[in-house]
Amino acid sequence: MNRRVRLQEQTAQQVILTVSKILSQDLSHQEAFTAMLKSMCEQLNWLTASFWKLDESKNLLLCEMTYASEPCPNFQEITRSIPLAWGKGLPGTVWQKGAPVWIPDVVVSDNFPRVEYAKKDNLHAAFAFPVSVKGRFIGVFEFFSRQISEPDEDLLDAFAVVGTELGQFFERRRIESELAEQADLNRYAADIGTALNSVSALAVIMQSCAELTVCSLKLACVHIWQIDQGSKTAELIAFASKPGLPETGGKDIRLTQFDLDFIVAQQRPYVFIDPLNDQRFACSTWDLRAGVTVSAAFPLIVNGIASGLVLISSAESLSKLTLDTLTRVANNLALCIARKVSEEQLLLSERRFREFAAVVDEVFFMSAPRSEKHYYISPAFEKMWGLPASEVMDNP
């Protein structure tokens, strides 16, 4: 008995040393976690292992990676595809308890949704431990064996320590990744600012912004609509999609496919976490071909008036940093549309004024108050006095 206890203690210590060695290398969290799954299975003689990461937007555990020293295709396939809620299955139980859990035989467990697949691949004993940092839950590692075995308390204690180390490692990599992402987003926002300051027509500016957004953020596509305040109709003024995706179909998406009034009324972005099943979004055939998994709509609002709407679609999840940056960009797009509309209205008003002045026989002029300087003299002046209006404007 004492010999077995010493062996278990040595194994637990070796586990901590192995994990520390892996984490000391310059690896991404995906690379480090994959190496750990492989090393632990080989060192502990367990068959297969997985890492489940918490998707905070969906509040579900999703399998991020798996490893198997021997083929167990049925179990790995279901593991990669099934989401687990809090308290559901082995990973969900670890999430709920916040501590390692050992199941001597998953085949007879009353809370193991993958039991039929475990039977097919002859899996029995399992243990799992949480990864967390500063009280924030990150995910779960789980391991499976073909043997039925009772809990090894030393091993569970060792993995409680490992879970904390992994959490700290994950947090460091997360911060590094966010800093790099923020730098990329700042460059993107600066490029958008340059495009918005262009003297080009509104449609040209919006098209440039749509293309920059797709390219910089690696999105599937971007739509930009302008809303006519008189008719309350929306016109698609810009569309861009990732290279390789067909344009046909993408441009055909209409605002009637989701509740525009609802989005505008929110006065904030609306994220379609699951566009395929969201009742407010009618997913098109094009979206399916493009692999769209998340979409977000940004109302373009200035002084409480919606001047347009931006819809972005992505095959990957969108980080909070990305959504925050897109919200700021959408505000700038709204200001640009409002400015361009005002400029167009001013030009139209000026053109109408000049057309009116050209057919009126009376002379009239515009000048600054309490000043002899004239800014405008009607064409009738030259007809009546035989002098060009420019001479009077230059020498009042």
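Before going into details, it helps to say that this report is about the structure given with it. Each residue is numbered by its place in its chain's sequence as written, counting from 1. Given that the model is predicted, a residue must reach a pLDDT of at least 70 before its local features are reported, and side-chain atom pairs must reach 80 or more before they are shown or counted; all residues, however, enter totals for whole chains, interfaces and linings. Heavy atoms from the whole structure form the basis of all side-chain values; hydrogens and water molecules are not counted.

What to know about the overall build of the protein chain
Move 1: A count of helical and extended segments in the protein chain gives 12 helices and 12 strands.
Move 2: Across the 396 residues in the protein chain, those meeting the buried criterion constitute 43%.
Move 3: For every accessible area listed, the method is Shrake-Rupley and the probe measures 1.4 Å; residues are considered covered only by the protein chains on display. Entry remark: accessible area of the protein chain is about 21,400 Å², with carbon and sulfur atoms responsible for 52%. Each helix is a run of H or I in the DSSP string that is no shorter than four residues. Each strand is a run of E no shorter than two, and both are numbered from the N terminus. Here the term buried applies to any residue with accessible area under 20% of the maximum for its type, exposed to any over 50%, and partly exposed to those in between, with areas from a 1.4 Å probe on protein chains only.

Here's the deal with the side chain of Ser 145
Move 1: The topology assignment puts Ser 145 in the loop between strand 5 (136-144) and helix 6 (153-196).
Move 2: The exposure class assigned to Ser 145 is buried, which follows from its relative accessible area of 6%.
Move 3: Among the polar contacts made by the side chain of Ser 145, one reaches the main-chain amide nitrogen of Gln 147 at a distance of 3.0 Å.
Move 4: The contact criterion used throughout is that any non-hydrogen atoms of two residues lie within 4.5 Å. Setting aside anything within four residues of it in sequence, one finds Ser 145 in contact with Trp 46, Leu 47, Asn 122, Leu 123, His 124 and Ala 125. Contacts described as polar in this section are N or O atom pairs within 3.5 Å, which, within protein, must combine one atom able to donate a hydrogen with one able to accept it, while residues neighboring in sequence count only if both atoms come from side chains.

Description of the environment of Val 133
Move 1: Looking at the element boundaries, Val 133 is found in strand 4 (residues 126-133).
Move 2: With 35 residues separating them along the chain, Val 133 and Gln 168 place their C-alpha atoms 5.8 Å apart.
Move 3: Not counting residues up to four positions away in its chain, the partners in contact with Val 133 are Ile 138, Gly 167, Gln 168 and Glu 171.

Quick notes on unusual backbone geometry
What you tend to see is this: most non-glycine residues have negative phi, and most peptide bonds are trans.
Move 1: Look at Asn 45: it is not a glycine, yet its phi comes out positive at around 60°.
Move 2: Within the secondary structure, Asn 45 sits in the loop between helix 2 (29-44) and strand 1 (48-55).
Move 3: The phi torsion at Asn 59 lies on the positive side, around 55°, for a residue other than glycine.

A look at the nonpolar core
Nonpolar side chains tend toward joint burial in soluble globular proteins.
Move 1: Ranked by size, the top nonpolar core spans 34 residues in total, and within it Met 206, Ile 224, Ile 312 and Leu 333 carry the most contacts.
Move 2: Sorting the residues of this core by element identifies helix 6, helix 7 (202-217), strand 6 (221-227), strand 7 (234-241), strand 9 (294-302), strand 10 (305-314) and helix 10 (320-358) as the ones contributing at least two each.
Move 3: When residues in this core are grouped by element, the largest group, 8 residues, is from helix 10.
Move 4: Ignoring sequence-local partners within four residues, the contact set of Ile 224 consists of Met 206, Ala 210, Glu 235, Leu 236, Ile 237, Ala 238, Leu 309, Val 310 and Leu 333.
Move 5: Buried Ala, Val, Leu, Ile, Met, Phe, Trp, Tyr and Cys residues that are joined via side-chain atoms within 4.5 Å together make up what is termed a nonpolar core. Phe 33, Phe 129, Phe 143 and Leu 166 belong to the second largest nonpolar core, which has 29 residues in total.

Structural notes on the packing of helix 2 against helix 6
Move 1: For the pair helix 2 and helix 6, interaxial distance at closest approach is 11 Å and the crossing angle is 165°. With respect to their mutual orientation, helix 2 and helix 6 come out roughly antiparallel. Where helix 2 crosses over helix 6, the two elements pack in a sense that is right-handed. Judged by residue contacts, His 29, Ala 32, Phe 33, Met 36, Met 40 and Leu 44 of helix 2 engage Leu 155, Phe 159, Val 162, Leu 166, Phe 169, Phe 170 and Arg 173 from helix 6. Every angle, taken between N-to-C directions, lies between 0 and 180 degrees, and every axis is a line fitted to C-alpha atoms, over only the stretch in contact when it is a helix. Small angles under 35 degrees read as roughly parallel and large ones over 145 as roughly antiparallel, with 65 to 115 read as roughly perpendicular and the rest as oblique. Here is the rule for handedness: rotate from the far helix to the near one, and if that takes an anticlockwise turn smaller than a right angle the crossing is left-handed, while a clockwise turn gives right-handed.

Overview of the packing of helix 6 against helix 7
Move 1: Look at helix 6 against helix 7: their axes get within 9 Å of each other, and the N-to-C directions meet at 170°. Of the possible angle classes, the one that applies to helix 6 and helix 7 is roughly antiparallel. In contact with Leu 185, Tyr 188, Asp 191, Ile 192, Ala 195 and Leu 196 of helix 6, helix 7 contributes Ile 205, Met 206, Ser 208, Cys 209, Leu 212, Thr 213, Ser 216 and Leu 217.
Move 2: Residues belonging to the contact of helix 6 with helix 7 are distributed by class as follows: 10 nonpolar, 3 polar and 1 charged. Throughout this entry, Asp, Glu, Lys and Arg are counted as charged residues, while Ala, Val, Leu, Ile, Met, Phe, Trp, Tyr, Cys and Pro are counted as nonpolar. The remaining residues, Gly among them, count as polar.

Looking at the packing of aromatic side chains
Move 1: Note on ring pairs: Phe, Tyr and Trp rings are taken, using the six-membered ring of Trp, and paired if centres are within 6.5 Å. Classes follow the plane angle, with under 30 degrees stacked, over 60 edge-to-face and the rest tilted. What the rule picks out here adds up to 11 aromatic pairs.
Move 2: Between Phe 51 and Phe 141, the aromatic rings sit 4.7 Å apart at their centres with planes inclined by 35°, giving tilted as the arrangement. Of this pair, Phe 51 sits in strand 1 while Phe 141 sits in strand 5, and the two are 90 residues apart along the sequence.
Move 3: When the ring of Trp 102 is compared with that of Phe 127, the centres are 5.4 Å apart and the planes differ by 15°; the resulting orientation is stacked.

Remarks on the pattern of salt bridges
In a structure, side chains of opposite charge can pair up when their charged atoms sit close to one another.
Move 1: For this analysis, a salt bridge means a side-chain nitrogen from Lys or Arg found within 4 Å of a carboxyl oxygen belonging to Asp or Glu. Counting across every chain of the model gives 14 salt bridges.
Move 2: Of the charged contacts, one joins Glu 116 and Lys 119 as a salt bridge, the two residues approaching to 3.6 Å between their closest N and O atoms. Of this pair, Glu 116 and Lys 119 both sit in helix 5 (residues 115-120), 3 residues apart, which is roughly one turn of that helix.
Move 3: The class of Lys 119 is partly exposed, set by a relative accessible area of 42%.
Move 4: Across the salt bridge formed by Glu 343 and Lys 340, the nearest N and O atoms sit 3.7 Å from each other. Here Glu 343 and its partner Lys 340 are both found in helix 10, 3 residues apart, which amounts to about one turn of the helix.
Move 5: Take Glu 343: its relative accessible area is 35%, and that puts it in the partly exposed class.
Move 6: When its relative accessible area of 8% is taken as the criterion, Lys 340 is described as buried.
Move 7: Put simply, Glu 56, Arg 136, Glu 171, Arg 174 and Glu 178 are held in one network by salt bridges that share partners.

Concerning the pairing of strand 10
Move 1: For strand 10, the tally of buried residues reaches 9 of 10 residues, placing the bulk of the element in the interior.
Move 2: Pairing between strand 6 and strand 10: 6 bridges, direction antiparallel. Bridge pairing links His 223 to Leu 311 in strand 10.
Move 3: Here, a strand pair is defined by DSSP locating no fewer than two bridges between the strands. Pairing of strand 9 with strand 10 involves 9 bridges; the strand directions are antiparallel. Looking at the pairing, Ala 296 lines up with Ile 312 of strand 10.
Move 4: Hairpin connection, strand 9 to strand 10: the antiparallel pair is bridged by 2 residues, and Asn 303 has positive phi, about 55°.

Re the sheet that holds strand 6
Move 1: Spatially, 7-6-10-9-8 is the arrangement adopted by the 5 strands of the open sheet, whose pairing is antiparallel. Two strands in the sheet have a free side with no partner beyond their single neighbour: strand 7 and strand 8 (270-272). Mean inter-strand twist for the sheet, computed between neighbouring axes without regard to direction, equals 15°.
Move 2: When strand 6 meets strand 7, the two strands line up antiparallel, connected through 7 bridges. If you follow Ile 227 over to strand 7, its bridge partner there is Ala 234.
Move 3: Each of strand 6 and strand 7 is contacted by helix 7, which is oriented at about 40° to strand 7, the strand it contacts most.

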